[in-house]
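One-letter residues, chain by chain:
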Amino acid sequence: RYDSAHYKHVLKKNGVRVISIKENISDGPEGIILESMLEGYAEYYSAELAQKIRRGQYENASKCMNNGGNTPLGYMVDKKTCALVIDPEMAPIVKEIFTRYANGDAISNIQKDLEARGVRSRRGNAYSVSVLSNLIKNRKYIGEYKYGDVITPDGIPATIEKELFERVQNRMKTNKKAPAKSK
């Protein structure tokens, strides 16, 4: 409502008259109240729709259903249930990434190897070091479903064991405290 009033004021100040094709709004005092009611109703509709969408998304989250966004490497969305399921082609690559990192391999080496082997994202892009760094922090790989403040342990199928995930997290903590290799 505020934006509408502001821009109509600017247009009026510049000699432009706003005419609605859908609503026949007169120039008199009754037009002012009708226009205000229509703008108020539009704002109410938008706020109510946003509320319904959020409610639907949280309902989906309570059932561990996918709510959109990027699907993590190693998973795909089941079209019938809208739930994340393991991608049999890419899940072994995820396990390899975790295992190699846990065993001491550097993310940059893993990234170069994946690129050399032609492993690409769904969009056809090579995985960057930062994408792989975020991947090994993602708790979905141990089966933890998260949407907003809804967290469900074992809500989706795990692609790696919790013990391997914890080894990776411990190595990341150690590396974070270590000085840079170049120093």
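Residues numbered from 1 in each chain as written. Predicted model: local features only at pLDDT ≥ 70, side-chain atom pairs only at ≥ 80, totals over all residues. Heavy atoms only, no water.

1. Looking at the nonpolar core
With 29 residues, the main nonpolar core has Leu73, Ile97, Phe98, Ile136 and Tyr141 as its most contacted residues. Counting only elements with at least two residues in this core, the list comes to helix H3 (91-102), helix H4 (107-117), helix H5 (129-135) and helix H6 (162-177). The element that contributes the greatest number of residues to this core is H3, accounting for six residues. Residue contacts for tyrosine 141: discarding those within four places in its chain leaves Pro72, Leu73, Tyr75, Val94, Phe98, Leu135, Ala158, Thr159 and Ile160. (Core = buried A, V, L, I, M, F, W, Y, C linked by side-chain atoms within 4.5 Å. Buried < 20%, exposed > 50% of the residue type's maximum accessible area, 1.4 Å probe, protein only. Helix = DSSP H or I, 4+ residues; strand = E, 2+ residues; numbered from the N terminus. Contact = heavy atoms within 4.5 Å.)

2. Here's the deal with the layout of surface pockets
A volume near 720 Å³ is recorded for the largest pocket. In this structure, the largest pocket is lined by 20 residues; those nearest its centre are Lys8, Val18, Ile25, Asp27 and Glu35. Those elements that provide at least two residues to the lining of the largest pocket are helix H1 (2-13) and helix H2 (29-62). Examining the composition of the lining of the largest pocket, we find that six residues originate from one element, H2, more than from any other. Looking at side-chain class alone, the lining of the largest pocket contains seven nonpolar, six polar and seven charged residues. Reported here for the second largest pocket is a volume of approximately 500 Å³. Lining of the second largest pocket is provided by 16 residues; of these, Asn70, Thr71, Leu73, Tyr127 and Val131 occupy positions nearest its centre. For the lining of the second largest pocket, the class distribution of residues is seven nonpolar, seven polar and two charged. (1 Å grid on protein atoms, 1.4 Å probe; cavity = no way out; pocket = protein on both sides within 12 Å on 5 of 7 lines; lining within 4 Å. Points joined across faces, edges and corners; volume = space filled by probe spheres on them. Nonpolar A, V, L, I, M, F, W, Y, C, P; charged D, E, K, R; others polar.)

3. Remarks on a nonpolar patch on the surface
A cluster of nonpolar residues, Tyr41, Tyr44, Tyr45, Leu49 and Ile53, forms a patch on the protein surface that exposes about 550 Å² of accessible area. Mapping tyrosine 45 onto the fold places it in helix H2. Given the relative accessible area of 46%, tyrosine 45 is considered partly exposed. (Patch = residues over 30% accessible without salt bridge, like charges linked within 9 Å, V, L, I, M, F, W, Y side chains within 5 Å. Areas by Shrake-Rupley, 256 points an atom, 1.4 Å probe, with all protein chains shown as cover. Salt bridge = Lys/Arg side-chain N within 4 Å of Asp/Glu carboxyl O.)

4. Description of the side chain of aspartate 87
Residue placement: aspartate 87 occurs in the loop between strand S2 (84-86) and H3. Arginine 122 provides the closest opposite charge to the buried, unpaired aspartate 87, separated from it by 4.1 Å. Of note is the side chain of aspartate 87, whose polar atom sits 3.1 Å from the backbone nitrogen of glutamate 89. With sequence-adjacent residues up to four places away left out, aspartate 87 is seen in contact with Gly74, Tyr75, Met76, Pro92 and Arg122. (Lys, Arg positive; Asp, Glu negative; His and termini not counted. Polar contact = N/O pair within 3.5 Å; in protein donor to acceptor, adjacent residues only side chain to side chain.)

5. So, the packing of H3 against H4
Look at H3 against H4: their axes get within 10 Å of each other, and the N-to-C directions meet at 150°. By the angle between their directions, the pair H3 and H4 is classed as roughly antiparallel. Between H3 and H4 the crossing geometry is right-handed. On H4, the residues that touch Ile93, Glu96, Ile97, Arg100 and Tyr101 of H3 are Ile107, Asn109, Ile110, Asp113, Leu114 and Arg117. When grouped by side-chain class, the residues that make up the contact of H3 with H4 number six nonpolar, one polar and four charged. (Axes fitted to C-alpha atoms, helices over the stretch in contact; angles between N-to-C directions. Parallel < 35°, antiparallel > 145°, perpendicular 65-115°, else oblique. Left-handed = near helix turned anticlockwise from the far one by under 90°.)

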